[in-house]
Amino acid sequence: MTQTVVRTLRLSDAPHLPELVNACNQVDGWAFRETIESLNPASADAGLPPERYWQVAEDNGRLVGLAALGRAKGTRMYCMLWVLPERRGMGLERQLVASLISGERSFPESCLDVAVRASQRSYADALVNELGFSLVRTWYVMRIELGADLPPAVLPPGVKMRSFVPGQDEVMLTSVVDDCFWDHWGEGEHRLEDIEGGVHLPQFDRELLFFAQRGGQVLGYCWSWLEPERVRLIGDNCAYIGDLGVRLAFRRQGVGRALLLTALARIKSRGAVAAELDMDGPNENARRLYESVGFFEHIEVNWYRRQLS
C-alpha cells in the first residue's frame, strides 16, 4: 500500500537527492544535471538549514518530491520544486509548497517565489488555483550552438581580461557581484560564503571566471563552467554561463559583449558544443546582445509569487 509522507529533510536523504532532481529535469527538458556535491545540504545557506527549510515527499522509503527554500536577502524567499512525473497532479505540489509557507519563519522578506517551466502545468495549477500565487516574472534560458565561427571579442580601449586568482579575488568578487546585479529583479545581497563555495566545486575552472579590467579597476566579470554530468547522462556537451555582469557606470560601452564573446571562445576551446544562460524576460538590452551573437530562446521559466505577510 502506498503511503506518502511530506516531512523535513534528513541529512541521510542527501545521497538520494540527485536521482530525484535529475529524473525530473530529464523529463522536463531541463538539461542541467545535479551531483551530490552541487546538492549537498551541508553546503546550504547557514541561515536556512535544509533539515528545517527543505521539504521532501517520501513514498515507502523512496523520495518522490522536493521543495528547497532559498533566500535573496532583503528581496524575497524562493522555492525550487521537483516532483517525479508519475506523481504530479496528485496534490504533492500543493503539500510541499504549503509546508514551506506554514513553517515557522523569522525572515524579513515578505514574499515567496516559485520557478516553474512553462510545460509544468501541474506545478502552476497548484500554485495559482490552490495556494493563491500569481505570475510575477518570466525568465528565459537562452542557448547558442558553437559549431560556427564566433565573432572576435573586441575589447574597449584600455580594457584587458584577467582570470580569477584563488585566495586573492574572493572578497573583491563578492563586491563586484553586488555592484553588477543590485538593480536586477529578484537579486539580494550576495555572500562571500557563496563565492568561496563556488570556487571550490570540482568543475570550477579559473580561466572561465574572469574580469574585464581597465588599469586597476574592475568593470565587469563573467563566470561559466562545463557540465560533465550533463555530458555523461544525456550526451549534451553544453556549458553554462552563470553570471555576466557589468557595473552600471560601464554599461553600453561594449564591455558586456567582450566578456560574452571571450567566455564563448574559452568554452569552445574546452570542447563544449553549446552554451546556455538565463535572461530576465523584460531585459531587452540583454536580449539584443545575446541574439546578436547567436543565442535563441530555449526554455521559458515563469516565476509565481505569494505574499507571506
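The structure contained in this document is the topic of the report that follows. Position numbers for residues count from 1 along each chain, tracking the sequence in the order it is written. Totals for whole chains, interfaces and linings use all residues, but because this is a predicted model, local features are given only for residues with pLDDT of at least 70 and pairs of side-chain atoms are given and counted only at 80 or more. The side-chain quantities take in all heavy atoms of the structure and omit both hydrogens and water.

1. Examining the overall build of the protein
Stage number 1. Here a strand is any run of E in DSSP of at least two residues, a helix any run of H or I of at least four, and the numbering for each starts at the N terminus. When helices and strands are tallied, the protein shows nine helices and twelve strands.
Stage number 2. Compactness check: the protein gives a C-alpha radius of gyration of 20 Å against a globular reference of 19 Å for 309 residues, within 12% of the reference.
Stage number 3. For the protein, the residues scored as buried account for 50% of the 309 residues in total.
Stage number 4. Taking as baseline every contact in the protein between residues at least 6 positions apart, the subset at least 24 positions apart corresponds to 73%.
Stage number 5. Here the protein displays about 14,400 Å² of accessible surface, and carbon together with sulfur accounts for 51% of that area.
Stage number 6. Treating the 34 positive side-chain charges of the protein as one cloud and the 41 negative ones as another, the clouds have centres 3 Å apart. Based on C-alpha atoms, the radius of gyration is set beside the globule rule, defined as 2.2 Å times the residue count to the power 0.38. Relative accessibility decides the category of a residue: with a 1.4 Å probe and only protein chains considered, values under 20% of the type maximum give buried, values over 50% give exposed, and everything between is partly exposed. The contact rule is simple, with two residues in contact once any of their heavy atoms fall within 4.5 Å. Computed with a 1.4 Å probe, the accessible areas rest on the Shrake-Rupley method; for each residue, only the protein chains presented here act as cover. Here Asp and Glu are counted as negative and Lys and Arg as positive; His is not counted, and neither are the chain ends. The location of each charge is read from NZ of Lys, CZ of Arg, CG of Asp or CD of Glu.

2. Structural notes on the pattern of salt bridges
Stage number 1. One speaks of a salt bridge when a side-chain nitrogen belonging to Lys or Arg is within 4 Å of a carboxyl oxygen belonging to Asp or Glu. Under the definition given, this model contains 26 salt bridges.
Stage number 2. Salt-bridge contacts for Arg71 lead to Glu109; the nearest nitrogen and oxygen are separated by 3.0 Å. Placement of Arg71 in strand β3 (residues 62-72) and of Glu109 in the loop between α3 (92-102) and β5 (111-117) is noted, with a sequence separation of 38 residues between them.
Stage number 3. You can call Arg71 partly exposed: its relative accessible area is 24%.
Stage number 4. For Glu109, a relative accessible area of 7% corresponds to the buried category.
Stage number 5. Measuring nitrogen to oxygen at the nearest pair gives 2.5 Å for the salt bridge that ties Arg270 to Asp205. Here Asp205 lies in the loop between α6 (192-198) and β8 (209-214) and Arg270 lies in the loop between α8 (255-269) and β11 (274-280), a separation of 65 residues in the sequence.

3. Comments concerning the packing of α3 against helix α4 (residues 121-130)
Stage number 1. Look at α3 against α4: their axes get within 9 Å of each other, and the N-to-C directions meet at 60 degrees. Here α3 is positioned oblique relative to α4, judged by the angle of their axes. Of the two elements, α3 crosses α4, and the hand of that crossing is right-handed. Touching Glu93, Arg94 and Val97 of α3 are Ser122, Tyr123, Ala126, Leu127 and Glu130, all from α4.
Stage number 2. A breakdown of the residues in the contact of α3 with α4 according to their chemical character gives four nonpolar, one polar and three charged. Axis definition: a line fit to C-alpha positions, over the contact stretch in the case of helices; interaxial angles, taken between N-to-C directions, run 0 to 180 degrees. Working rule for angles: under 35 degrees goes down as roughly parallel, over 145 as roughly antiparallel, 65 to 115 as roughly perpendicular, anything else as oblique. Should the near helix be turned anticlockwise from the far one by less than a right angle, the crossing is termed left-handed; should it be turned clockwise, right-handed. Residues are sorted three ways: Asp, Glu, Lys and Arg are charged, Ala, Val, Leu, Ile, Met, Phe, Trp, Tyr, Cys and Pro are nonpolar, and all the rest, Gly among them, are polar.

4. A short note on the nonpolar core
Stage number 1. The biggest cluster of nonpolar side chains holds 39 residues, and the ones touching the most others in it are Leu66, Leu81, Val97, Leu112, Leu127 and Phe133.
Stage number 2. Listed by contribution, the elements that provide at least two residues to this core are α1 (17-27), β2 (54-59), β3, β4 (76-83), α3, β5 and α4.
Stage number 3. Among the elements that take part in this core, β3 stands out by supplying six residues, more than any other.
Stage number 4. Look past the residues within four positions of Leu81 in its chain and what remains in contact with it is Leu66, Ala67, Glu93, Leu96, Val97, Val114 and Tyr123. To qualify as a nonpolar core, a set must consist of buried Ala, Val, Leu, Ile, Met, Phe, Trp, Tyr and Cys residues joined through side-chain atoms within 4.5 Å.

5. Some words on the packing of aromatic side chains
Stage number 1. Here a Phe, Tyr or Trp ring, Trp counted by its six-membered ring, pairs with any other such ring whose centre lies within 6.5 Å, and the pair is stacked when the planes are under 30 degrees apart, edge-to-face when over 60, and tilted otherwise. Enumeration over the complete set of coordinates arrives at nine aromatic pairs.
Stage number 2. Ring geometry for Trp139 against Trp303: centres 5.3 Å apart, planes inclined by 75 degrees, an arrangement best described as edge-to-face. Linking Trp139 in strand β6 (residues 134-145) with Trp303 in strand β12 (residues 296-307), this pair joins segments that are 164 residues apart in sequence. Across the pair, exposure class does not vary: Trp139 and Trp303 are buried alike.
Stage number 3. Taking the centre distance of 5.8 Å and the plane angle of 85 degrees together, the rings of Phe164 and Phe204 count as edge-to-face. One end of the pair, Phe164, is in the loop between β7 (159-163) and α5 (170-181); the other, Phe204, is in the loop between α6 and β8, and 40 residues separate them in sequence.

6. Some remarks on the pairing of β8
Stage number 1. For β8, the tally of buried residues reaches five of six residues, placing the bulk of the element in the interior.
Stage number 2. As paired strands, β7 and β8 are joined by five bridges and run antiparallel to one another. Within the sheet, the bridge partner assigned to Ser163 lies in β8 and is Phe210.
Stage number 3. At least two bridges found by DSSP between two strands is the condition for calling them paired. Judged from the six bridges that link them, β8 and strand β9 (residues 217-225) form a sheet pairing that is antiparallel. By the bridge assignment for β9, Phe210 is matched with Cys222.
Stage number 4. The hairpin formed by β8 and β9 contains two residues between the paired strands, and Gly215 there has a positive phi angle of roughly 65 degrees.

Limitation: the analysis is restricted to geometry and does not speak to function.
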